[in-house]
Amino acid sequence: MGAWELLWVLLAALAIWLVVIGSQIALAVLRLMRMRFVSDETQTLGREEVPADIAAVFGPSGRRLGELGFAYLETLKIPPRLRCEGLEPIWVDIYRHADGATRAAILVAEAPEPGRAATVSFSTHFKNTALLTENRRQHLLFAMPPGWQVEDALAASLDEHWAFHQRRVAAESDEPLLDEQEIRRRHRDLDLETFRHLQAAGVMVAAGDVWRLTATGAYRFVRQVVAGNRRLAALPPLAEVEDMPLRVIADRHAWASQEAIQAGTGMSRRGKIVMFGLSALAGAAAFGYLVSWEMLPVLLGVLLFHEFGHALAMRAFGYRDLSVVVLPFLGAVAFGRKDDAGPWQKLVVLLAGPLPGLVVAVICLELAMQGGSDPLLLKIGVMALVLNLFNLLPLTPLDGGQIVDTFLFARRPRLRFAFFAVSVLALIGIALMLDSTALAAAGVLLALGIPALWRRLRMLSGIDLAAESDVPTAIFKQLHEDRQGKMPNFAARTQIVRLLQPLIRGRAPSLQESLVGLSAYLAAIAVPVALLWHTGLPQGSYAGLFSPRLAQTAELAPDWDKQLAAAQSPDERHRVHWEAGRWFEDSEDDEQARTHYAAALAETAAFAEVPGDLRRLDAQLALARLAEPGEARQMHLDLLPQLRALPPPERQRLADVLEALNWEDGDDPERQQAYLREAISVRSMAGTEDGARYLAMDRIALARLLDALGKPTEAESELQKEMTDGRPHFAWEIEPVVWFYLAHQQPDQAEKLLLGLPSASRAEPQLARLSSWVALAQGRGAEARQLLEAQMAEDKRQNGEWRRLQTAVDLIHASRDVPAERARWLAEAEASKAKMGKPFAYFLKGLRGEAERGQWESQRGKSRLEAISLLPGVADTLRQLD
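A short tour of the structure in this document, coming up. (Residues numbered from 1 in each chain as written. Predicted model: local features only at pLDDT ≥ 70, side-chain atom pairs only at ≥ 80, totals over all residues. Heavy atoms only, no water.)

Here we look at the nonpolar core
Note on soluble globular proteins: their nonpolar side chains tend to be buried together. Core analysis: the largest hydrophobic core is formed by 38 residues, its most contacted members being Phe287, Leu299, Val326, Met383 and Ile403. Every element with two or more residues in this core is listed here: α7 (269-290), α8 (296-316), α9 (343-351), α10 (354-370), α11 (375-391), α12 (399-408) and α18 (511-533). Those residues in contact with Ile403 that lie beyond four places of it in its chain are Leu347, Leu350, Leu351 and Tyr521. Leu706, Ala731, Val737 and Ala750 belong to the second-largest nonpolar core, a separate cluster that totals 28 residues. (Core = buried A, V, L, I, M, F, W, Y, C linked by side-chain atoms within 4.5 Å. Buried < 20%, exposed > 50% of the residue type's maximum accessible area, 1.4 Å probe, protein only. Helix = DSSP H or I, 4+ residues; strand = E, 2+ residues; numbered from the N terminus. Contact = heavy atoms within 4.5 Å.)

Right under this line is the structure:
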């Protein structure tokens, strides 16, 4: 892989990563908008009411506050401000300082970290305001109402936190508030005042007795949390770290809250439909660009049929948080969660996507062949076959890889890791083979996750479920005991718990179950292939379906014998033989094609003589087209009288034969002229797009012939007719005309022709390269090099090694008077030559053929051959070609 290809893969990986991050932000915003906040009455209790595990977490902070001059005041039991089933109340220990105006509140951290299992907030009340000092958690709070001044100490210890708050108090000129009842009232009314303040700011809206975030408010809060987490990541760790059991308790408590919130604020059915619709639109745009707009409905239909198969199976087995989204450039995916799913449930879920898709593929392909190769059914069948068989490859994270992982590597962390690593490398290799930037980028992103996977799987062997039956607690305990590497933050730890729970709670298959499960997997691949065997498997390469260069949908070999047996009349048998001849001719099986065309011709003997019936003539033309050169010429000559008698709409057949005779009579220039002039006359009356294309080819061929006969004026006249016929011209038409002028030392005429073209046409690579040769012919070497260097940049972007070498050779020729530049491009050409390998010999053969052909472009071939001969080893390769 070259530097440019690697850059494109990395850019694509970055784009996919940004899409993933953007999707996570969008989902977080939607989840926040589903939350409903309330302001319920707080209970004042004694310390003995606090659950023992939470009291243990509060202990170290309470003792440190005692050393700082605080005394325990009371315990608050605050109902969850978020209305969510399963969410536990918040326990808060309140301490009062000796100054009477300052309070300290201890509660279990929402996102615990070592040294912050419990979080402490200091508040000091004045007559007209209140100071609130948080430590490393302000980004988790909504904006406070006026009168509350909030700052984050970002301190490394409780002492630094308290010192920061004292400095704020000392700087305040207002009179401290000592009225205990007023302080309690302020805290009691704080939630409602906060909601009203946020409503005034457009962040929240009231909905009956609850409050909810607006879209703007939710987005701002997500940005606030992300920025705060980024800021915390840059801070040094906290100095005072609690004992490990307390850190585990805090993690488990915060985890339970996270799980309750996630379960209670899952996306509604309407939200899932909206998300699916938006992802489908984005995916349609991506796949339309990547594949083709014509194939887009088929591709999306096959992908979604596959993913909804997974989703329906998940729903049947009680998975939760189900959703289906389309991933631009990659495919689609069905999400669902069930931590205790057994091996058989996993197998059914994994096969519920590809297996129905393969059944549909078999049905569509069978119907397509029975109905005479119906194009739509053929496309659906081929697409379903390719995508679903690809998905069953034994590579993680494909369905087949997950099946192999489930039945071979459950409870075998090292083997599971090795399998994943090999799968990722294989996917990247397949992507490179298919030239699929998107697939390679996905492989790169998966590869970046290999170290994290190793850490997670290595943890499995250290988790002691006998000592700790609660799975999340056991995982958190192992995370805190692990001394290898940096401790993941709380968000990463919760993600690890979510990923490891299914591996621990899901039952591992027995040996017999593994054998049966893998047999079912192999059968899912083998049975559809076996069912298709009698009809003939797809021909051609379907790998292009995953590549930017989409391969055309390959046809399947119809059962011609079956169709002939069903034909009841000469007309029907003729049709079958004619279609079979065309099919075999397209498949480059000339012998079979001739057999069927001859049979089609024989069937026409039974037809009544009907004016305008050209079936017999077409069969004769087809046989002549496939005959040996000498035989073909005589057959064409014999058919000329019939062809010349055809009415004008049907005389394109005559032009085809005249063009063939032009090549077959290559040793008789006078006859060639006559054939080409007659073909031009016939094509001129066609008025079709194909007719115009062939007319241009005939005029260029006639001009070459006239110039070779020493009639350049007549040749130029034919070319001028071609360029002034009032229609847009393609680069392949313009190029020979320019080379005619260059070969006849008329570079100004060549430049005039190019400048007269639309700017979009001049920008085409073929013509942009041609402009450099015109500039060289006019003595403007610097301009020629500039044009070619721009072309080289485009060639590298397009990943065309052949064209890169061609441009490098042109630059060597254009730099013949600039030694430093010539050395640079010689090195570039040498690098391209090394990458090409064996095809380099064909490149040289093409240059030599162009140099020796004697046509207008031969000077270009000679110049390129001279330039490339400067490379080491080229002379030997040229001698080998002899």
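With respect to the packing of α8 against α11
At a minimum axis distance of 9 Å, the contact between α8 and α11 shows a crossing angle of 45 degrees. If you check the angle between α8 and α11, you find them oblique. The crossing of α8 and α11 is right-handed. Contacts between α8 and α11 involve Val298, Leu299, Val302, Leu303 and His306 on the former and, on the latter, Leu376, Lys379, Ile380, Met383, Ala384, Leu387, Asn388 and Asn391. Broken down by class, the residue content of the contact of α8 with α11 amounts to nine nonpolar, three polar and one charged. (Axes fitted to C-alpha atoms, helices over the stretch in contact; angles between N-to-C directions. Parallel < 35°, antiparallel > 145°, perpendicular 65-115°, else oblique. Left-handed = near helix turned anticlockwise from the far one by under 90°. Nonpolar A, V, L, I, M, F, W, Y, C, P; charged D, E, K, R; others polar.)

Some remarks on helix α35 (residues 839-852)
When the terminal C-alpha atoms of α35 are compared, their 20 Å separation across 14 residues agrees well with the 20 Å that a helix rising 1.5 Å per residue should span. Those residues of α35 lying buried are Phe840, Phe843, Leu844, Leu847, Arg848, Glu850 and Ala851. Each buried residue of α35 sits inside an arc of 160 degrees when the element is viewed along its axis, so together they form one side. Turned more than 90 degrees away from the buried face of α35, the exposed residues are Tyr842, Lys845 and Glu852. On its buried face, α35 is in contact with α33 (801-814), α34 (819-836), α36 (858-868) and α37 (874-881). Where α35 terminates, the next one or two residues include Gly854, which has phi positive at roughly 80 degrees. (Expected span 1.5 Å × (residues − 1). Arc of directions from axis to C-beta.)

Details of the pairing of strand β9 (residues 210-213)
Side chains on a regular strand alternate between the two faces of the sheet. Bridge analysis of strand β8 (residues 204-207) against β9 gives four bridges, and the strand direction is antiparallel. Residue pairing across strands places Val205 opposite Arg212, the latter belonging to β9. In this antiparallel pair of consecutive strands, β8 and β9, the connection spans two residues, and Gly208 shows a positive phi of 70 degrees. (Pairing = 2+ DSSP bridges.)

Considerations on the sheet that holds strand β3 (residues 90-97)
Taken in spatial order, the seven strands line up as β1-β2-β3-β4-β5-β6-β7 in an open sheet, and their pairing is mixed. The sheet is open, and its two borders are formed by β1 (43-45) and β7 (148-152), each paired with just one other strand. Recorded for the sheet is a direction-independent mean angle of 25 degrees between the axes of neighbouring strands. Taken together, the four bridges between β3 and strand β4 (residues 102-108) define a ladder with antiparallel strand orientation. Bridge assignment links Arg96 to a residue of β4, and that residue is Arg103. Along the sheet, helix α3 (residues 158-170) contacts β2 (70-78), β3, β4, β5 (118-125), β6 (130-134) and β7; its crossing angle with β5, the most-contacted strand, is approximately 15 degrees.

Observations regarding the packing of aromatic side chains
A full pass over the atoms with the stated rule returns 18 aromatic pairs. A centroid spacing of 5.7 Å and a plane angle of 35 degrees characterise the contact between Phe195 and Trp211, whose relative ring orientation is tilted. Residue Phe195 is found in helix α4 (residues 180-200), and its partner Trp211 is found in strand β9; the two are separated by 16 residues along the sequence. Neither residue differs from the other here; Phe195 and Trp211 are each classed as buried. Aromatic side chains Trp578 and Tyr597 sit 5.2 Å apart centroid to centroid with 55 degrees between the ring planes, which places their arrangement in the tilted category. Here Trp578, found in helix α20 (residues 570-586), pairs with Tyr597, found in helix α21 (residues 590-603); they are 19 residues apart in sequence, far enough to count as distant. Through pairs of rings, three or more aromatic residues link up here, namely Phe37, Phe142, Phe195, Trp211 and Phe221. (Phe/Tyr/Trp six-rings, centres within 6.5 Å; stacked < 30°, edge-to-face > 60°.)

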